[in-house]
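For reference, the chains in residue letters:
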Amino acid sequence: KVRALYTQSNSSCVDYSLYLVAGAVDTRMIEAALRGGVTLLQYRDKQNTTRDMIRIGTELFKIARRFQIPFLLNDRVDVALAVDADGVHIGQDDMPLGIARKLLGKDKIIGVSVGNEEEARLAEQQGASYIGVGPIFATSSKPDAGNPIGLEALKSIASAVSTIPIVAIGGINEHNASQCIANGANGVAVISAILSSNDPEKAARNIRQRIPFL
Ligand code: TZP
Ligand code: MG
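For every chain, the first residue of its written sequence is number 1, and the numbers climb from 1 along that sequence. Just so you know, chain letters begin at A and ligand numbers begin at 1, following the order they were written in. Totals for whole chains, interfaces and linings use every residue, but because this is a predicted model, local features are given only for residues with pLDDT of at least 70 and side-chain atom pairs only at 80 or more, for both listing and counting.

Participant: It is not clear to me how the overall build of the chain should be interpreted in this structure. Could you clarify?
Facilitator: Secondary structure elements follow DSSP: runs of H or I of four or more residues count as helices, runs of E of two or more count as strands, with numbering from the N terminus. When its secondary structure is counted, the chain shows nine helices and ten strands. Only C-alpha atoms enter the radius of gyration; for comparison, a globular chain is expected to reach 2.2 Å times N to the power 0.38, where N is the number of residues. The C-alpha atoms of the chain give 16 Å as radius of gyration, which agrees with the globular expectation for 214 residues (17 Å, within 12%). Residue pairs in contact within the chain that sit at least 24 positions apart in sequence constitute 54% of those at least 6 positions apart. What counts as a contact here is a pair of residues whose C-beta atoms, placed from the backbone, lie within 7 Å.

Structural data, given as structure tokens:
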């Protein structure tokens, strides 16, 4: 019943199974992770200037293209447009989904962070391409992430939407990735389990291998 492959309105296929969220880190780490089987890349940068983000985003976009995976921007619809990224990921305090959709058009990927069933249903109705749910487990990568919501909450949020994929995030690693899938996620998003590893390629491969489809 679960599947990781989803068709966008431009009929390109997106595989949400292993979603890497990366800041302005050494691009060799990101390339290694992509070799290990990352299926989607998001550039998430809360520090650099817009100018630097456009430069770094352009570089990451090229890397993602080499591996034929989609490239998304966190928060920044303007930077996504500037580098012609495949889409954005927005939170509840970012640009409203309807406006982002209008600016980006129907063919871009727009992911929305949701924390409950109500937000999930709304995001689905308003045209989100996927939803991000978390933090599932404790995380030190996002100081304002709030308390972990756990697998049961993931399950009920996942059951509230039926037409778009669910990506679980927060404290996910090779040991708990399959539990997220078992509780309704179509894929997992990861920062530290891959980028804080000495071997990002192996770390990514280990997680991907534990995602039980494809
Ligand atoms: N949103 C919710 S938790 C989180 C974000 C961006 C951080 C996930 O990082 P990690 O290191 O995989 O827990
Ligand atoms: Mg945000």
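Participant: For this particular structure, what's the right way to read the sheet that holds strand 10 (residues 187-190)?
Facilitator: Through backbone hydrogen bonds, the strands of a sheet pair up, either in parallel or in antiparallel fashion. Following DSSP output, two strands are said to pair if at least two bridges run between them. Read around the closed barrel, eight strands run 3-4-5-6-7-8-9-10, paired in parallel fashion. Geometrically, the sheet is characterised by an average inter-axis angle of 25° between neighbouring strands, direction not taken into account. As judged from the three bridges shared by strand 5 (residues 71-74) and strand 6 (residues 87-90), these two strands associate in the parallel manner. When the sheet's bridge partners are listed, N74 is paired in strand 6 with H89. Structural elements are reduced to axes, namely lines fitted to C-alpha atoms, with helices fitted over the stretch in contact, and the angle between N-to-C directions of any two is expressed from 0 to 180 degrees.

Participant: Looking at this structure, I do not really get the packing of helix 1 (residues 27-35) against helix 2 (residues 50-66). What am I missing?
Facilitator: To describe two helices that pack against each other, one gives the angle between their axes and the distance between the axes. At a minimum axis distance of 10 Å, the contact between helix 1 and helix 2 shows a crossing angle of 25°. As the angle between them shows, helix 1 and helix 2 are arranged roughly parallel. Helix 1 and helix 2 meet at a crossing whose hand is right-handed. Across the interface between the two elements, T27, I30, E31 and L34 of helix 1 pack against E59, L60 and I63 of helix 2. Note that the term roughly parallel is reserved for angles under 35 degrees, roughly antiparallel for angles over 145, roughly perpendicular for angles of 65 to 115, and oblique for everything else. Two helices that cross are described as forming a left-handed crossing if the nearer one is turned anticlockwise from the farther one by less than a right angle, and a right-handed crossing if clockwise.

Participant: So what exactly am I meant to see when it comes to the site of ligand 1 here?
Facilitator: Around ligand 1, the surrounding shell holds 15 residues, and the nearest of these are T139, S141, G170, I191 and S192. All amino acids are sorted into three groups, where Ala, Val, Leu, Ile, Met, Phe, Trp, Tyr, Cys and Pro are nonpolar, Asp, Glu, Lys and Arg are charged, and the leftover types, Gly among them, are polar. Per-class residue counts for the shell around ligand 1 are eight nonpolar, six polar and one charged. Nearness between a residue and a molecule or strand is assessed with a C-beta atom placed from the backbone; a distance within 6 Å qualifies.

Participant: Just to check I follow, could you spell out unusual backbone geometry for this structure?
Facilitator: Backbone geometry follows two general trends: most residues other than glycine have a negative phi, and most peptide bonds adopt the trans configuration. A cis amide bond links G134 to the next residue, P135, at an omega of -5°. Looking at where P135 falls in the secondary structure, it is placed in the loop between strand 8 (130-133) and helix 6 (150-160). The phi dihedral of Q68 falls on the positive side, at around 55°, and the residue is not glycine. Within the secondary structure, Q68 is located in the loop between helix 2 and strand 5. To sort residues by burial, count the other C-beta atoms lying within 10 Å of each one's C-beta; a count of 20 or more means buried, 12 or fewer means exposed, and anything in between means partly exposed. C-beta atoms are built from the backbone. Judged by the 8 C-beta atoms lying within 10 Å of it, Q68 is exposed. For D75, which is not glycine, the phi torsion reads 70° and is therefore positive.

Participant: Looking at this structure, I do not really get the nonpolar core. What am I missing?
Facilitator: In summary, soluble globular proteins display a tendency toward joint burial of nonpolar side chains. A set of buried residues drawn from Ala, Val, Leu, Ile, Met, Phe, Trp, Tyr and Cys, joined through C-beta atoms within 7 Å, is what defines a nonpolar core. Counting 70 residues, the largest nonpolar core has L20, I131, V167, A168, V188 and V190 as the members making the most contacts within it. When near neighbours in sequence (up to four residues on either side) are disregarded, A168 contacts V133, G134, I136, L154, C180, A185, V188 and A189.

Participant: Could you clarify how one ought to interpret the pairing of strand 4 (residues 40-43) in this entry?
Facilitator: Every regular strand shows the same layout, with side chains that alternate between the two sheet faces. Residue alternation in strand 4 divides its side chains into two sets, L40 and Q42 and L41 and Y43, and both sets are buried. With four bridges joining them, strand 3 (residues 18-22) and strand 4 adopt parallel strand pairing. When the bridges of strand 4 are listed, L20 appears paired with L41. Consider the strands pointing away from the viewer: the crossover is right-handed when the path from the first strand over the helix to the second runs clockwise. At this point the chain moves from strand 3, through helix 1, to the parallel strand 4, and the crossover so formed is right-handed. Where strand 4 lies against strand 5, three bridges are found, and the strand directions are parallel. Bridge pairing links Q42 to L72 in strand 5. Of the crossover connections in this fold, the one passing from strand 4 over helix 2 to the parallel strand 5 is right-handed.

Participant: Would you take a moment to explain the packing of helix 5 (residues 117-125) against helix 6 for this structure?
Facilitator: The interhelical angle for the contact between helix 5 and helix 6, taken along N-to-C directions, is 30°, at an axis separation of 8 Å. Considering their axes alone, helix 5 and helix 6 lie roughly parallel with respect to each other. Between helix 5 and helix 6 the crossing geometry is right-handed. Contact with helix 5, carried on its side by E117, A120 and R121, involves S156, I157 and A160 of helix 6 and no other residues of that element.

These results come straight from atomic positions and should not be treated as a statement about function.
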